[in-house]
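Commentary on secondary and tertiary structure
Residues per chain are reported as follows:
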Amino acid sequence: VTHLLLTVTVTPSKQNFSRDSGRETAMAKDILGEAGLHFDELNKLRVLDPEVTQQTIELKEECKDFVDKIGQFQKIVGGLIELVDQLAKEAESEKMKAIGARNLLKSIAKQREAQQQQLQALIAEKKMQLERYRVEYEALCKVEAEQNEFIDQFIFQK
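Residues numbered from 1 in each chain as written. Predicted model: local features only at pLDDT ≥ 70, side-chain atom pairs only at ≥ 80, totals over all residues. Heavy atoms only, no water.

Under an unreviewed UniProt entry, the name given to the protein is Intraflagellar transport 20, and the source organism is Oryctolagus cuniculus. Listed in UniProt under the heading Subcellular location (unreviewed entry), the comment for the protein reads: "Cell projection, Cilium". (UniProt positions renumbered as here; feature names shortened; annotations may be inferred.)

Printed below as a string of structure tokens:
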């Protein structure tokens, strides 16, 4: 807030003032007041009314306090934004770790499923091989029995 400040110092003379001079002073003040000129508490002539000047000073102080509070608020908000950004980065990092862990578990599950299928195929193959060996064993046992019977008959014929 800028304003023109006109300062004139009025010093009372050493003469005794009568009641008439008091009235004259009041009249002079009224006339000056109508012209927009006022005396302050130090009898300095001012362009602004002392009350307006005081309100201007109070407004200036309130504005300064407001600007200071806004500055503090901006610092607090800046700190909060920084904290939220840091938390967002940490959350994103944890999210990526969770996605990686989930993908790893899916991969492990697929590997186990594939391994289980391979083992089941191997079991089926071994069962078929066992069945072939069992049939071959039975056939060999039959051949052995026939050969033993032939040997026995050959020995008894002699």
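Here the narrative resumes.
Let us look at the overall build of the protein. When helices and strands are tallied, the protein shows 2 helices and 2 strands. Of the regular secondary structure in the protein, the N- to C-terminal order runs α-β-β-α. Across the 158 residues that make up the protein, the buried fraction comes to 4%. Sequence-distant contacts in the protein: of pairs separated by 6 or more residues, those separated by 24 or more amount to 47%. Of the roughly 14,600 Å² of accessible surface on the protein, a fraction of 59% belongs to carbon and sulfur atoms. (Helix = DSSP H or I, 4+ residues; strand = E, 2+ residues; numbered from the N terminus. Buried < 20%, exposed > 50% of the residue type's maximum accessible area, 1.4 Å probe, protein only. Contact = heavy atoms within 4.5 Å. Areas by Shrake-Rupley, 256 points an atom, 1.4 Å probe, with all protein chains shown as cover.)

Applying the stated rule across the entire model yields 4 salt bridges. Between Asp68 and Lys64 there is a salt bridge, and its shortest N-O distance comes to 3.4 Å. Of this pair, Asp68 and Lys64 both sit in helix H2 (residues 50-157), separated by 4 residues, roughly a single helical turn. Using a relative accessible area of 38% as the deciding quantity, one classes Asp68 as partly exposed. (Salt bridge = Lys/Arg side-chain N within 4 Å of Asp/Glu carboxyl O.)

Another aspect to go through is a negative patch on the surface. Negative charge collects at one region of the surface, where Glu58, Glu61, Glu62 and Asp65 lie side by side. With respect to the helices and strands, the residue Glu62 is situated in helix H2. (Patch = residues over 30% accessible without salt bridge, like charges linked within 9 Å, V, L, I, M, F, W, Y side chains within 5 Å. Lys, Arg positive; Asp, Glu negative; His and termini not counted. Charge placed at Lys NZ, Arg CZ, Asp CG, Glu CD.)

What follows deals with the UniProt feature "coiled-coil region" (unreviewed entry) in the protein. According to UniProt, the "coiled-coil region" (unreviewed entry) feature falls on residues 105-136. Secondary structure content for residues 105-136 is 100% helix and 0% strand, while the C-alpha to C-alpha distance between its ends is 46 Å.

This next bit is on a nonpolar patch on the surface. On the surface, a nonpolar cluster with roughly 360 Å² of combined accessible area is contributed by Leu80, Leu83, Val84 and Leu87. For Leu87, the location among the structural elements is in helix H2.

Looking at the protein as a whole, its pLDDT mean stands at 84, while 75% of the residues score no less than 70. The lowest-confidence element of the protein is helix H1 (residues 19-34), averaging 64 in pLDDT; the highest-confidence one is H2, averaging 96. The low-confidence segment residues 1-19 (pLDDT under 50) makes 18 contacts with residues lying over four places distant or belonging to another chain. (pLDDT = per-residue confidence, 0-100.)

Under the counting rule described, the total for this entry stands at 1 aromatic pair. Between the aromatic rings of Phe150 and Phe154, the centroid separation amounts to 6.4 Å while the plane-to-plane angle is 20 degrees, which identifies the pairing as stacked. Taken together, the residues Phe150 and Phe154, both in helix H2 and 4 residues apart, mark about one turn of the helix. What makes Phe154 partly exposed here is its relative accessible area of 46%. (Phe/Tyr/Trp six-rings, centres within 6.5 Å; stacked < 30°, edge-to-face > 60°.)

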